[in-house]
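Given next are the chains, with one letter for each unit.
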Amino acid sequence: MTRTKKGVKLIHLLVAQRFGKNRHLHIQYQPACYMSSKSTASPAACPDIQPLSVLEEMKMPFSRALIGNFFQDQPRLGNQFLEDSILQSYLRRHLPPVVLKEASQDLGRFGQRIVDELDTLGRECELSPPHLEHYDAWGRRVDRIITCPAWKKMKEVSAEEGLVAAAYERKFSSWSRLIQIVKLYLYTPSSGYFSCPLAMTDGAAKVIESLGRPDALQDAFRNLTSRDPKRFWTSGQWMTERKGGSDVAYGTETVARAQADGTYKLYGYKWFTSATDSDMTLTLGRVEDAQGQIIPGTKGLSLFYLEVRNAKGQLNGIEVQRLKDKLGTKQVPTAELLLDGVKALRISPEGRGVASISNMLTITRIHNTVAAASAMRRVINLAREYASKRFVFGSLIKDHPLHMQTMARMEVQARGAFFLLMETARLLGLEETNMATEQDQHLLRLLTPIAKLYTGKQVI
């Protein structure tokens, strides 16, 4: 075999190894230009055989399984506290130096934990939504809501980081609430929507505190505001029924029957229950009198506390009919529930249910503002980071005037949402520590629904 033939055979052996075509190993390759001649051919005499061109073909970026050499770098998440100059500037202007120093250290550490751990957990929650197991393997109805390990881990993290507890420990007096809100502001975009049960939990703790922490609710309050993952509880909010939606006054059909031990049994159908996998919940119902009559409208509604499961881990007179098939927030277990003799404790004066739960609505509206404002900031941060990598039309995106104009407009909206949130949180902190003036209280009541409305529309 000539040297040229050996070279061609070697090339085809390389091609076979590259593309997995082992059949070439058993075929004697004979180029056409050799078949009519017994003489030794030179490469020049056989122009179709070009070993170097075959090797070059093997390097072609779109040959076989290759799809090219270019892959766009994705935006990278950095420490959202250290990279947020607006947030840091606000804290420097408002917090006392001693509070600022301690809070900044904790927020910086937490910002890095979000990057290293929580953002991945949040994505796992999004990719692994809950599902409902009606029956066990032996045919018993269990109505077990199955959530992913990342969702359970988020509950542990929430306790460890004091995402609810910080507001009620009052370690920094009136600034405690603002610091808690800042921490939620950093956490929420990476939370996989575990921020939803935290909102309900914070609201439930607020209601119990506003009621003077009655003896029967002392344990519940300690669990809701605990930093111990083994003790920490989350709470739901079960108000919406088929007829009512937001109109709980005339849409609530749940009835409450008094028991000899002072508790009540609830009967009704809850159309939308938030954070249904929680440990406890607050709900509205109408107390029946001795003749089985109820009072319609707002005056007939009372507020009840109940634990979702009993000491044996069994559901407390609750049947989970189905999980809601929602357009978004699929990570959060939201369900339709049949209440069939649920054991509950009335915690408001009879007929004062709506007034008593209003504090929960205040807190959840502020949490809604946290979610909106923090999502706006996260989107802008990722867009800014990406714009320094994406090269189009001769320059990076960040150097295109139209892009900068769009980013500037979004930045103004995001800053407005942030300052509106911070002012609402500051006023809430003053109110909770009895330091708010009458004007502060009126302003808090006004800003809370406006902040939710404005930021909720802008974030879209």
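Position labels on residues start from 1 in each chain and follow its written sequence. Local features in this predicted model are restricted to residues of pLDDT 70 or higher, and side-chain atom pairs are both shown and tallied only at a pLDDT of 80 or more, whereas totals for entire chains, interfaces and linings draw on every residue. No hydrogens and no water enter the side-chain calculation; it runs on all heavy atoms of the structure.

- Looking at an unreviewed UniProt entry, the chain carries the name Acyl-CoA dehydrogenase family member 11, with the source organism given as Engystomops pustulosus.
- One UniProt comment on the chain, placed under Cofactor (unreviewed entry), says "FAD".
- The Sequence similarities (unreviewed entry) field of the UniProt record for the chain holds the comment "Belongs to the acyl-CoA dehydrogenase family." UniProt positions are given in the numbering used here, feature names are shortened, and annotations may be inferred rather than shown by experiment.

Observations concerning the overall build of the chain
- When helices and strands are counted, the chain shows 13 helices and eleven strands.
- Exposure categories follow from relative accessible area, calculated using a 1.4 Å probe and restricted to protein chains: below 20% of the type maximum is buried, above 50% is exposed, and the middle band is partly exposed. The proportion of buried residues among the 460 residues of the chain is 45%.
- In what follows, residue pairs with any heavy atoms lying within 4.5 Å of each other are defined as contacts. Of the contacts made within the chain by residues no fewer than 6 positions apart, 71% connect residues no fewer than 24 positions apart. Strands are runs of DSSP state E lasting at least 2 residues, helices are runs of H or I lasting at least 4, and numbering of each runs from the N terminus.

Here's the deal with helix α13 (residues 438–459)
- Expected helix span is given by 1.5 Å per residue-to-residue step, counting one fewer step than there are residues. Taking 1.5 Å per residue as the helical rise, α13 with its 22 residues ought to reach 32 Å, and the 31 Å between its terminal C-alpha atoms agrees with that figure.
- Fitting axes to the seven residues ending at a residue and to the seven starting there, one defines the bend at that residue as the angle between these axes. By the largest-angle criterion, Leu 447 marks the main kink of α13, which is about 30°, and a proline, Pro 449, follows within four residues.
- All of the buried residues in α13 are Asp 440, Leu 444, Leu 447, Thr 448, Ala 451 and Thr 455.
- The secondary structure elements touched by the buried residues of α13 are α11 (353–387) and α12 (401–432).

Details of the nonpolar core
- In terms of nonpolar packing, the biggest core is built from 82 residues, with Leu 91, Tyr 187 and Leu 282 touching the most fellow members.
- No other element matches the eleven residues that α12 contributes to this core.
- If we skip the residues at most four places from it in the chain, Leu 91 touches Phe 81, Leu 100, Leu 107, Leu 178 and Val 182.
- Side-chain atoms within 4.5 Å link the members of a nonpolar core, which is a set of buried Ala, Val, Leu, Ile, Met, Phe, Trp, Tyr and Cys residues. Ile 145, Leu 266, Leu 306 and Val 308 belong to the second-largest nonpolar core, a separate cluster that totals 17 residues.

Considering the side chain of Thr 455
- Looking at where Thr 455 falls in the secondary structure, it is placed in helix α13.
- Here Thr 455 falls in the buried class, since its relative accessible area comes to 0%.

So, the pattern of salt bridges
- The salt bridge definition used is simple: a Lys or Arg side-chain nitrogen within 4 Å of an Asp or Glu carboxyl oxygen. In this structure the tally under the stated criterion is 37 salt bridges.
- Note that Lys 183 and Asp 106 form a salt bridge whose closest N and O atoms lie 2.8 Å from each other. Here Lys 183, found in helix α7 (residues 175–187), pairs with Asp 106, found in helix α4 (residues 97–127); they are 77 residues apart in sequence, far enough to count as distant.
- With a relative accessible area of 6%, Lys 183 lands in the buried category.
- Note on Asp 106: relative accessible area 27%, which makes it partly exposed.
- Salt-bridge contacts for Arg 144 lead to Glu 133; the nearest nitrogen and oxygen are separated by 2.3 Å. Of the two residues, Arg 144 is situated in strand β2 (residues 141–146) and Glu 133 in strand β1 (residues 131–135); the sequence distance between them amounts to eleven residues.

Observations concerning the packing of aromatic side chains
- The aromatic pairing rule takes the rings of Phe, Tyr and Trp, using the six-membered ring of Trp, and pairs them if the centres are within 6.5 Å, calling planes under 30 degrees apart stacked, those over 60 edge-to-face and the rest tilted. Tallying each qualifying case throughout the model produces eight aromatic pairs.
- Look at Tyr 90 and Phe 419: their rings are 6.3 Å apart centre to centre, the planes differ by 45°, and that puts the pair in the tilted class. One end of the pair, Tyr 90, is in helix α3 (residues 85–94); the other, Phe 419, is in helix α12, and 329 residues separate them in sequence.
- Seen in terms of ring centroids, Tyr 168 and Phe 221 are 5.9 Å apart; in terms of plane orientation they differ by 90°. Their pairing is edge-to-face. Of this pair, Tyr 168 sits in helix α6 (residues 165–169) while Phe 221 sits in helix α9 (residues 218–224), and the two are 53 residues apart along the sequence. Summarising the burial analysis for this pair, Tyr 168 and Phe 221 share the class buried.
- Clustering of aromatic rings is evident, with ring pairs tying together Tyr 90, Tyr 185, Phe 418 and Phe 419.
- Counted as over-ring charges are cases with an Arg CZ or a Lys NZ within 6 Å of the ring centre that also lie within 35 degrees of the ring normal. Above the ring of Tyr 267, the side-chain terminus of Arg 257 is found at 4.8 Å from the ring centroid.
- Cation over ring: Lys 324 sits above Trp 271, and NZ or CZ is 3.7 Å from the ring centre.

What to know about the packing of α4 against helix α5 (residues 149–160)
- Only C-alpha atoms enter the line fits that serve as axes; for helices the fit covers just the stretch in contact. Angles between N-to-C directions range over 0 to 180 degrees. At their nearest, the axes of α4 and α5 sit 8 Å apart, and the two run at 140° to each other. Relative to α5, α4 is oriented oblique. Both α4 and α5 take part in a crossing whose hand is left-handed. Facing α4, whose interface residues are Arg 113, Glu 117, Leu 118, Leu 121, Gly 122, Glu 124 and Cys 125, α5 presents Ala 150, Trp 151, Lys 153, Met 154, Val 157 and Glu 160. Throughout, the term roughly parallel applies to angles under 35 degrees, roughly antiparallel to angles over 145, roughly perpendicular to angles from 65 to 115, and oblique to all others. Left-handed describes a crossing whose near helix is turned anticlockwise from the far helix by less than a right angle; the clockwise case is right-handed.

Overview of unusual backbone geometry
- At Tyr 193, a position not held by glycine, the phi torsion is positive, near 65°.
- With respect to the secondary-structure elements, Tyr 193 resides in the loop between α7 and α8 (195–210).
- You can call Tyr 193 partly exposed: its relative accessible area is 39%.

Topic: the side chain of Ser 235
- Examined against the element boundaries, Ser 235 turns out to sit in strand β3 (residues 235–240).
- In this structure Ser 235 touches Pro 197, Met 200, Thr 201, Ala 204, Leu 224, Ala 275, Ser 278, Met 280, Thr 281 and Leu 282, once residues within four positions along its chain are discounted.

Things to note about the pairing of strand β6 (residues 280–287)
- A large share of β6 lies buried, amounting to eight of its eight residues.
- Where β3 lies against β6, four bridges are found, and the strand directions are parallel. Within β6, the position partnered with Trp 238 by the bridge is Thr 283.
- In short, DSSP must find at least two bridges between two strands for them to pair. Summarising the sheet, strand β4 (residues 255–258) and β6 pair through two bridges and their orientation is parallel. Considered in β6, the bridge of Ala 256 is made with Val 287.

Some points on the environment of Asp 279
- Among the structural elements, Asp 279 can be located in the loop between β5 (264–274) and β6.
- Owing to a relative accessible area of 25%, Asp 279 belongs among the partly exposed residues under this scheme.
- Linking Asp 279 and Leu 224, residues 55 residues apart in sequence, is a C-alpha distance of 9.5 Å.
- Leave out the neighbours within four places in its chain, and Asp 279 touches Lys 155, Phe 232, Trp 233, Thr 234, Glu 307 and Val 308.
- Pairs of N or O atoms within 3.5 Å make up the polar contacts considered here, provided that, within protein, one atom can donate a hydrogen while the other can accept it, and that residues adjacent in sequence are counted only when both atoms are side-chain atoms. Of the polar contacts made by the side chain of Asp 279, one reaches the side chain of Lys 155; its length is 2.9 Å.

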